[in-house]
Amino acid sequence: MTPLDKSGAAAGPRPGRPRRRPVRAGRRGVPLPLLVPGLVALAFLLLPLLALLVRAPWATLPDQLTSSEVWAALRLSLLSATAATAVSLVLGVPLAWLLARTNFPGRGLVRALVTLPLVLPPVVGGVALLLALGRNGVVGQLLDSWFGITLPFTTTAVVIAEAFVAMPFLVISVEGTLRAADPRFEEAATTLGASRFTAFRRVTLPLIAPGIAAGSVLAWARALGEFGATITFAGNFPGRTQTMPLAVYLALQNDPDAAIALSLVLLAVSITVLAALRDRWLTGS
Amino acid sequence: MTDTNARRAALVPGSEGAAQGLDAHLVVDRGTFRLDVRLTAAPGDVVALLGPNGAGKTTALRALAGLVPLSDGHLRLDGTALERTAPEARPVGVVFQDYLLFPHLTALDNVAFGPRCQGFSKAEAREQAAGWLERMGLAAHAGAKPRRLSGGQAQRVAVARALATRPRLLLLDEPLAALDARTRLEVRAQLRRHLAEFEAVAVLVTHDPLDAMVLADRLVVIEDGRIVQEGAPADIARHPRTDYIAQLVGLNLYRGEADGHTVRLAAGPAITTTEELSGPVFVAFPPLAVTLFRDRPTGASARNLWRCEVSGLETHGDQIRADLTGELPLAADLTTAAAAELELAPGAAVWATVKATQTHAYPA
């Protein structure tokens, strides 16, 4: 107790008697074998972003960015990432609840399968989506013959590809929050006359809102940057399936300055999202 | 006891009209643990389930609420069988140990939650909730989130929330355990008043004998999943039937065979009592009735005189509680001055006596 009390008192504000000891102790406590690699890692993470800024064609940037192709790609990216996040929310939150709150045989296996897209190379995901939902796919041929619906190489396919890779982030995040949330709140709601679904809607959902927000941001960011599955399953048609990452990659082949400009836009979008949500959940965790 | 028996007679299922109140036989099997408890109570009764940790009190409460399924037995409330009814459909209100107030809702909306679920409109539910908070003296805190409430206020909101559904059975799980000593005194008195006003059956779970005795009309003592004793608080306090209860109410308790004024203990000496009984009996006496001597007291009669050894000492209020082993294991209370004078220390040999008039024997 005593050492704890002492440090607590030292850390707290004491008018008239400034104490510097904790600060000095903090500095003294960083060993070189941790400090040096840590700083290298920081440089490694920041340097490419700096390079992007240094080499940006600032003079021609306005022209680059006002081209209609850029705006079409950006619009498509934002829309499809948002739609993919919405799909992930509507389907992923209930899945997370099932994984966290119910007990069924093989739940561990299901959980592992849910996380598979997290580690699966996105291109493989795209191939798998083609085989499932493509015109000759397992389900796709039924969609085609029964409803005349063809999914591949459409904007819908972009959303599906992005949701496929992004939803696991949301499910894992929400499931973790659900597990940490006290299930007895649901019991309390039940004893007050709430059905299990009402208890979920009126008690659990508000309680896990921060986790859902965090998961949504992760999923949205993942969807925004999606490349492999999208280009495999949805193709690369400007205005229809060409999202920003695809546009960047294509531009890099024949117009590097345009690629840099597009990358800057994506960087700006990412920073904006981080800044907007910083107070909501970054500091909270 | 006769009062309780009369009430229970009115509860026998199949008797004239719908039996009012609670009639439950709770059986919950959980591998190595089995709860098997019969509970009956008339409307207006406050029953306390008292028992050590792990005795099954909370399991019994959860079974009544429907949060734990019954393995066997039955549960009838005002004549309606509830054992297959989902918890949300039972007319049962629960005050949880740590209240479980919904942290994202204000005190008002916490209380309005139940009426809302019962189909009242938002405005009506809030109006009812405001009435309950008013009754609890919490009108000023209606807009506060639970984390802004003190322990005592949160407890009252929890009671209001449970009562707002107008339950026919109110369950309270350790309703005072989360409070500090001073708040506890105050909240206990308030809760007693609210329970006295409550017209249906209330069952509370506690491990604190004082809470049980203050709040309840009837105690049901549970040990190891079974009822070991039930009755009026005063009756149980005077006539404990297990070591656990004797310890709770602060009595030395022994079991033996009575023959006239002498009770011969199964292993150990005899105790002389004023009651004249025969057959298996309990003998109880308070630690304060024990007098300790360093040397064998001369002139004292040899009755109720035992040679013991001090095994432990602890402060007990303004007294010293000495735990003794030896001929008769017992607890003795003495003043600090007396303890010093006797130079009591663990391992010290002492003589302990109890006057026959201070003991109390009753049939086992």
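Being a predicted model, the structure only gives us computed values, none of them experimental.

Caption draft 1: Structural context of the overall build of chain B. Secondary structure assignment for chain B yields ten helices and 18 strands. Dimensions of chain B, computed from the C-alpha atoms along their principal axes, are close to 80 × 50 × 35 Å. A total of 364 residues make up chain B; the buried ones form 52% of that total. Summarising the internal contacts of chain B: among those between residues at least 6 apart in sequence, 64% fall at separations of at least 24. Surface accessibility of chain B: about 16,600 Å² in total, with carbon and sulfur atoms responsible for 49%. One finds the centroid of the 38 positive side-chain charges in chain B at a distance of 5 Å from the centroid of its 42 negative side-chain charges.

Caption draft 2: Layout of the packing of helix 5 (residues 151–163) of chain B against helix 6 (residues 181–197) of chain B. Residues and elements named next belong to chain B. In contact at an axis separation of 10 Å, helix 5 and helix 6 are set at 20° when each is read in the N-to-C sense. Between helix 5 and helix 6, the interaxial angle falls into the category roughly parallel. With respect to the hand of their crossing, helix 5 and helix 6 are arranged in right-handed fashion. Residues Gly152, Gln155, Arg156 and Val159 of helix 5 touch helix 6, and the partners they reach there are Thr183, Val187, Gln190 and Leu191.

Caption draft 3: Representation of the sheet that holds strand 18 (residues 360–363) of chain B within the structure. Residues and elements named next belong to chain B. Overall, antiparallel pairing links the three strands, which are arranged 11-12-18 in an open sheet. Each edge of the open sheet is held by one strand with a lone partner, namely strand 11 (252–265) and strand 18. Going across the sheet, the axis of each strand differs from the next one's by a mean of 40°, ignoring polarity. Bridge count between strand 11 and strand 12 (residues 270–285): twelve bridges; the pairing is antiparallel. Within strand 12, the residue paired with Arg255 across the bridge is Phe282.

Caption draft 4: Expanded view of the environment of B:Arg168. Residue and element names in this part refer to chain B. Tracing the sequence through the fold places Arg168 in the loop between helix 5 and strand 7 (169–173). Residues Arg168 and Arg90, spaced 78 residues apart in sequence, show a C-alpha to C-alpha distance of 8.8 Å. Beyond its immediate chain neighbours, meaning those up to four positions away, Arg168 contacts Gln20, Leu77, Asp78, Pro91, Glu199, Ala200 and Val201. In terms of polar contacts, Arg168 uses its side chain to reach the side chain of Asp78, at 2.8 Å.

Caption draft 5: Layout of the interface of chain A and chain B. On the chain B side, the residues contacting the 18 residues of chain A number 19 residues. Note on chain A versus chain B: buried area summed over both sides is about 1,700 Å², and carbon and sulfur give 67% of it. On the chain A side of the interface with chain B, the three residues burying the most area are A:Thr191, A:Leu192 and A:Arg202, jointly 40% of the side's total. Summed over the shared surface of chain A and chain B, the result is three residue pairs in polar contact (both at pLDDT 80 or more). Partitioned by chemical class, the residues of the side of chain A that touches chain B number eight nonpolar, five polar and five charged.

Caption draft 6: Region of interest: the pattern of salt bridges. Residues and elements named next belong to chain B. The full count for this structure, using the stated rule, is 17 salt bridges over all chains. Residue Arg184 pairs with Asp208 through a salt bridge whose shortest N-O separation is 2.9 Å. Of this pair, Arg184 sits in helix 6 while Asp208 sits in the loop between strand 8 (201–206) and helix 7 (209–215), placing them 24 residues apart in sequence. Between Glu230 and Arg218 there is a salt bridge whose closest N-O contact spans 3.1 Å. With Glu230 in strand 10 (residues 226–231) and Arg218 in strand 9 (residues 218–223), this pair connects stretches of sequence that are twelve residues apart. Judged by relative accessible area, Glu230 falls into the partly exposed class, the value being 25%. Three or more residues joined by partner-sharing salt bridges are found here, namely Arg184, Arg188, Asp208 and Asp211.

Caption draft 7: Representation of the nonpolar core within the structure. Ranked by size, the top nonpolar core spans 46 residues in total, and within it B:Val111, B:Leu133, B:Val157, B:Leu170 and B:Leu195 carry the most contacts. With seven residues, the single largest contributor to this core is helix 5 of chain B. A:Phe185, A:Ala189, B:Val37 and B:Ala65 belong to the second largest nonpolar core, which has 43 residues in total.

Caption draft 8: Local environment of the packing of aromatic side chains. Within the structure shown, the criterion is met by ten aromatic pairs over all chains. Plain terms: the ring middles of A:Trp146 and A:Phe147 are 6.4 Å apart, the flat faces sit at 80° to each other, and that makes the pair edge-to-face. The positively charged end of A:Arg240 is found above the aromatic ring belonging to A:Phe237, 4.9 Å away from the centroid. Over the aromatic face of B:Phe102 sits the side chain of B:Arg161, whose NZ or CZ is 4.6 Å from the ring centroid.

Rules of the game
- Residues numbered from 1 in each chain as written.
- Chains lettered and ligands numbered in written order.
- Predicted model: local features only at pLDDT ≥ 70, side-chain atom pairs only at ≥ 80, totals over all residues.
- Heavy atoms only, no water.
- Helix = DSSP H or I, 4+ residues; strand = E, 2+ residues; numbered from the N terminus.
- Buried < 20%, exposed > 50% of the residue type's maximum accessible area, 1.4 Å probe, protein only.
- Contact = heavy atoms within 4.5 Å.
- Areas by Shrake-Rupley, 256 points an atom, 1.4 Å probe, with all protein chains shown as cover.
- Lys, Arg positive; Asp, Glu negative; His and termini not counted.
- Charge placed at Lys NZ, Arg CZ, Asp CG, Glu CD.
- Axes fitted to C-alpha atoms, helices over the stretch in contact; angles between N-to-C directions.
- Parallel < 35°, antiparallel > 145°, perpendicular 65-115°, else oblique.
- Left-handed = near helix turned anticlockwise from the far one by under 90°.
- Pairing = 2+ DSSP bridges.
- Polar contact = N/O pair within 3.5 Å; in protein donor to acceptor, adjacent residues only side chain to side chain.
- Buried area = accessible area lost by both parts, 1.4 Å probe.
- Nonpolar A, V, L, I, M, F, W, Y, C, P; charged D, E, K, R; others polar.
- Salt bridge = Lys/Arg side-chain N within 4 Å of Asp/Glu carboxyl O.
- Core = buried A, V, L, I, M, F, W, Y, C linked by side-chain atoms within 4.5 Å.
- Phe/Tyr/Trp six-rings, centres within 6.5 Å; stacked < 30°, edge-to-face > 60°.
- Lys NZ or Arg CZ within 6 Å of the ring centre and 35° of its normal.

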